[in-house]
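Examination of the molecular architecture
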Amino acid sequence: MKMPSNGTAKDIRHYTGALIVFFLIVGIMLYLSTYSVPTENRDIITTLVGMTAASLAMVISSITGRNPDDLEEAKKKIVSLESRIDLLVSQKDSLEHMIIKMQEDSIDKLSLMSTFYIDDLRKNVKKDEKNN
């Protein structure tokens, strides 16, 4: 049987491994509650149980579907998107400034053109009055 290659197989392996570690910890706890450990092996057993129990947080997060790598990847993506947003906002501000400048220039040119037109009309009216 061919395993899927889109990350589902990796999730299945993580989930299965997490369940095995969880049941291993439960089994050790049951064993230690029924049988006593000899004093010459007590330090080794407590060290091994402590190390195994320390991985319980990762086991639970893997069983519930929370992956710390996914969280870090999401944080990096958020930072990247925030920088893109900042860039887009600055470009938008620049375009707004260009449009405002273009509008001001257009208004100045139109008002200057209309002033010349009105002046020409006045000159023509004065010429007509002189000719009449």
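Residues numbered from 1 in each chain as written. Predicted model: local features only at pLDDT ≥ 70, side-chain atom pairs only at ≥ 80, totals over all residues. Heavy atoms only, no water.

1. Examining the overall build of the chain
Here is the rule: Only DSSP runs of H or I reaching four residues or more are called helices, and only runs of E reaching two or more are called strands; each is numbered from the N terminus. Only protein chains enter the calculation, and the probe is 1.4 Å; a residue is then buried if its accessible area is under 20% of its type maximum, exposed if over 50%, and partly exposed in between. Methods summary: accessible areas were calculated by the Shrake-Rupley approach with a probe of 1.4 Å, and residue burial reflects only the protein chains presented.
Secondary structure summary: the chain contains four helices and zero strands in total. Counting every position in the chain, which comprises 132 residues, the buried fraction comes to 5%. For the chain, the accessible area works out to roughly 11,900 Å², and carbon and sulfur atoms hold 64% of it.

2. Comments concerning helix 1 (residues 8-34)
Each full turn of the α-helix corresponds to 3.6 residues, which orients residues three or four apart in the same direction. Where we set the bar: A helix's residues, less one, multiplied by 1.5 Å, set its expected span.
The end-to-end C-alpha distance of helix 1, which contains 27 residues, comes to 39 Å, matching closely the 39 Å that a straight helix rising 1.5 Å per residue would cover. Three or more residues of helix 1 are buried, namely Ala9, Ala18 and Ile25.

3. A word on a negative patch on the surface
Stated formally: Each patch is assembled from residues with relative accessible area greater than 30% and no salt bridge, linking like charges that lie within 9 Å and nonpolar side chains (Val, Leu, Ile, Met, Phe, Trp, Tyr) that lie within 5 Å. Within this document, salt bridges are pairs made up of a side-chain nitrogen of Lys or Arg and a carboxyl oxygen of Asp or Glu, the two lying within 4 Å of each other. The positive count covers Lys and Arg only, the negative count covers Asp and Glu only, and His and the chain ends enter neither. We put the charge of a Lys on NZ, of an Arg on CZ, of an Asp on CG and of a Glu on CD.
Negative charge collects at one region of the surface, where Asp11, Asp69, Asp70, Glu72 and Glu73 lie side by side. If you tally residues by element for the negative patch, the top one is helix 4 (residues 68-131), at four residues. By the secondary structure assignment, Glu72 is in helix 4. With relative accessibility at 42%, the residue Glu72 sits in the partly exposed group.

4. Some remarks on the packing of aromatic side chains
So the rule is basically this: Each Phe, Tyr or Trp ring, with Trp reduced to its six-membered ring, pairs with another whose centre is within 6.5 Å; inter-plane angles below 30 degrees give stacked pairs, above 60 give edge-to-face pairs, and intermediate values give tilted ones.
Under the criterion given, the structure shown has one aromatic pair. An angle of 40° between the planes, with centres 5.0 Å apart, marks the rings of Tyr31 and Tyr35 as tilted. Judged by relative accessible area, Tyr31 falls into the partly exposed class, the value being 48%.

5. A closer look at the pattern of salt bridges
Opposite charge on two side chains makes pairing possible when the charged atoms of those side chains draw close. For the structure shown, the criterion picks out three salt bridges. One salt bridge connects Glu96 with Lys92, and the closest N-O pair in it is separated by 3.4 Å. Of this pair, Glu96 and Lys92 both sit in helix 4, separated by four residues, roughly a single helical turn. The partly exposed category is assigned to Glu96, whose relative accessible area is 40%. Bridged by salt links that share partners, the residues Lys92, Asp93 and Glu96 form one connected network.

6. Let's talk about the packing of helix 1 against helix 2 (residues 42-54)
Spelled out, the test is: Every angle, taken between N-to-C directions, lies between 0 and 180 degrees, and every axis is a line fitted to C-alpha atoms, over only the stretch in contact when it is a helix. A clockwise turn of the near helix away from the far one marks a right-handed crossing, whereas an anticlockwise turn of less than a right angle marks a left-handed crossing. By definition, residues are in contact when any of their heavy atoms lie within 4.5 Å. Any residue outside Ala, Val, Leu, Ile, Met, Phe, Trp, Tyr, Cys, Pro, Asp, Glu, Lys and Arg is labelled polar, Gly included; the first ten of those are nonpolar and the last four are charged.
The geometry of helix 1 relative to helix 2 is characterised by a closest axis approach of 10 Å and an angle of 145° between their N-to-C directions. The two elements helix 1 and helix 2 meet at a crossing, and its hand is left-handed. Together, Leu24, Ile25, Ile28 and Leu32 of helix 1 and Ile45, Val49, Thr52 and Ala53 of helix 2 make up the contact between the two elements. Among the residues forming the contact of helix 1 with helix 2, the class breakdown is seven nonpolar, one polar and no charged.

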